[in-house]
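If you want the building blocks of each chain, they are given just below.
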Amino acid sequence: MTNPPDDMLDDLFAQARNLAPVPDDALIARVLADAARPVPVLRPQPSVLAQMRAMIGGWPALGSLAAATVAGIWIGIAPPPVVADYATGLLGETVSLGLSAEEFMIAGDLSDG
């Protein structure tokens, strides 16, 4: 048993398979005009860290900042006697803070918040 609508669809699909698609002349002209345009060269954007390094001044400046940071921490933790003498001369008196480990832990618990 055949179904006439299905037979008609099969005939339409067979006709469509036999037709070769032909592009319009306007489409071909647009494609060829687009192909003739020069392609811009895209350069990758540098990363945020690379941009910050360039703003600071590169690796030599970052090395100097790292050395200054380490020296500041070192002088803050274990100041040389010259710094203590300078502070004494500036303030007019010797200031010393000596906390034992127990006193330090107690002082740490008295924080606001």
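Residues numbered from 1 in each chain as written. Predicted model: local features only at pLDDT ≥ 70, side-chain atom pairs only at ≥ 80, totals over all residues. Heavy atoms only, no water.

Draft legend 1. Broad picture of a negative patch on the surface. A surface patch of like charges, here negative, comprises Asp6, Asp7, Asp10 and Asp11. For Asp11, the position within the fold is in helix H1 (residues 4–18). (Patch = residues over 30% accessible without salt bridge, like charges linked within 9 Å, V, L, I, M, F, W, Y side chains within 5 Å. Areas by Shrake-Rupley, 256 points an atom, 1.4 Å probe, with all protein chains shown as cover. Salt bridge = Lys/Arg side-chain N within 4 Å of Asp/Glu carboxyl O. Lys, Arg positive; Asp, Glu negative; His and termini not counted. Charge placed at Lys NZ, Arg CZ, Asp CG, Glu CD. Helix = DSSP H or I, 4+ residues; strand = E, 2+ residues; numbered from the N terminus.)

Draft legend 2. Representation of the environment of Leu62 within the structure. Along the polypeptide, Leu62 turns up in helix H4 (residues 59–77). When its relative accessible area of 26% is taken as the criterion, Leu62 is described as partly exposed. Among all residues touching Leu62, those that are not within four sequence positions of it are Arg53 and Ile56. (Buried < 20%, exposed > 50% of the residue type's maximum accessible area, 1.4 Å probe, protein only. Contact = heavy atoms within 4.5 Å.)

Draft legend 3. Broad picture of the confidence of the model for the chain. In the predicted model, the chain carries a mean pLDDT of 82, and 81% of its residues have values of at least 70. Summarising per-element confidence for the chain, the mean pLDDT is lowest in helix H6 (residues 101–109) (62) and highest in helix H2 (residues 25–36) (93). (pLDDT = per-residue confidence, 0-100.)

Draft legend 4. Spatial organisation of H2. The end-to-end C-alpha distance of H2, which contains 12 residues, comes to 17 Å, matching closely the 16 Å that a straight helix rising 1.5 Å per residue would cover. The distance from a side-chain oxygen at the start of H2 to the backbone nitrogen of Ala26 is 3.2 Å, and the residue carrying that oxygen is Asp24. (Expected span 1.5 Å × (residues − 1). Polar contact = N/O pair within 3.5 Å; in protein donor to acceptor, adjacent residues only side chain to side chain.)

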